[in-house]
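Structure at a glance
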Amino acid sequence: MAKFTQTYPTDLKYTEWQQIEQFFPASQRGRPRKWERWLIVNAIFYVTRTGCQWRMLPTNLPPWQTVYGYYRRWTQAGLWARLNAALVRLARTRQGRAPEFSAGVLDSQSVKTSEGGEARGVDVYKQTSGRKRHIVVDTLGLLWMVVVHRASVQDAAGGQWVLQALFDRIKRSVHNRWCRLKLIWVDGAYTPLIETARRQFGWRLEVVARPPGARGFRVLPHRWVVERTFGWFGRYRRLARDYEHTIAASEAMAYLASIRRTLKLAVK
């Protein structure tokens, strides 16, 4: 067994690895592992934060073929969404909050894509060719759901997709015999969703509008929380531009950025 070490700022601390080790069970079949699981996870976090290509991983990390193979299998298994949800609940508990959130904020972010891939379009309002990330965060700015789609989809349609995905996850969750979520703050683009959200999900969408006649940047109540989360995403260079070929990989990178930040809050 390799000695647990920290080489890069993105590497896990031992206490952090202890917190998430249960999500990466060791297989009892096949030949003995050459690389420890925490080294694989460290390499994945390195890619997420630095934005480097898989083939350009440093030589003191496991081979890129091994790292990418594990990353792809864990992405297909939906591991990142489950791990993120568990860490968000733990972080909320450490902050003196209930594990489940009762109020959230919904918004989208358009990002350029690179070198093709599925589900690409043009956001005509922001003149961005690529994809759009729709996210739901709680009042602490912690990520609960992300849905990625082509940028040409209007916010109201994309918002319904992310709310439906969130509703489905809540129904499947063993932590939710009933749903605490009651209120979601949005901007004016989601006004067509207000009645749909109330009727289908039982949630109240409250529009936070800009003051009449306001020009330039304004800090708006509640909505600044989700904008700060997008700002946190910007620190992870893999998210500064959407380099992923598939939607699943794009959503996985958003969850990985959330996991790395939330993990620091969960182990304090």
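Now for a quick tour of the structure. (Residues numbered from 1 in each chain as written. Predicted model: local features only at pLDDT ≥ 70, side-chain atom pairs only at ≥ 80, totals over all residues. Heavy atoms only, no water.)

Burial in helix α7 (residues 223-233) covers these residues: Arg 223, Val 225, Val 226, Thr 229, Phe 230, Trp 232 and Phe 233. Looking at the packing, one finds that the buried side of α7 touches β1 (103-112), β3 (128-138), β4 (143-150), β5 (183-186), α8 (237-240) and α9 (247-266). (Buried < 20%, exposed > 50% of the residue type's maximum accessible area, 1.4 Å probe, protein only. Helix = DSSP H or I, 4+ residues; strand = E, 2+ residues; numbered from the N terminus. Contact = heavy atoms within 4.5 Å.)

Turning our eyes to something else, we now look at the nonpolar core. If you look at the biggest cluster of nonpolar residues, it comprises 77 residues, and the most contacted ones within it are Phe 24, Ile 44, Leu 57, Tyr 71, Trp 80 and Leu 163. Of the residues forming this core, the biggest block, 12 residues, is contributed by α9. The residues touching Leu 57, leaving out its near neighbours within four places in the chain, are Ala 43, Tyr 46, Val 47, Cys 52, Pro 62, Trp 64 and Val 67. (Core = buried A, V, L, I, M, F, W, Y, C linked by side-chain atoms within 4.5 Å.)

Inspection of the entire model under this criterion finds 11 salt bridges. Put simply, Arg 260 and Glu 16 hold a salt bridge, and the shortest N to O gap is 3.1 Å. Taken as a pair, Arg 260 in helix α9 and Glu 16 in helix α1 (residues 14-20) lie far apart in primary sequence, 244 residues in all. Neither Arg 260 nor Glu 16 differs from the other in exposure class; each is buried. (Salt bridge = Lys/Arg side-chain N within 4 Å of Asp/Glu carboxyl O.)

The next thing to look at is the environment of Ala 248. For Ala 248, the position within the fold is in helix α9. Measuring from C-alpha to C-alpha, the distance between Ala 248 and Gly 104 comes to 23 Å, with 144 residues separating the pair along the chain.

In the structure shown here, the tally under the stated rule is 16 aromatic pairs. Centroid distance Phe 4 to Trp 38: 4.4 Å. Interplanar angle 35°. Geometry classified as tilted. Here Trp 38 lies in helix α2 (residues 37-50) and Phe 4 lies in the segment before α1, a separation of 34 residues in the sequence. Among the residues examined, Phe 4 registers a relative accessible area of 22% and is labelled partly exposed. Classification of Trp 38 as buried rests on a relative accessible area of 3%. (Phe/Tyr/Trp six-rings, centres within 6.5 Å; stacked < 30°, edge-to-face > 60°.)

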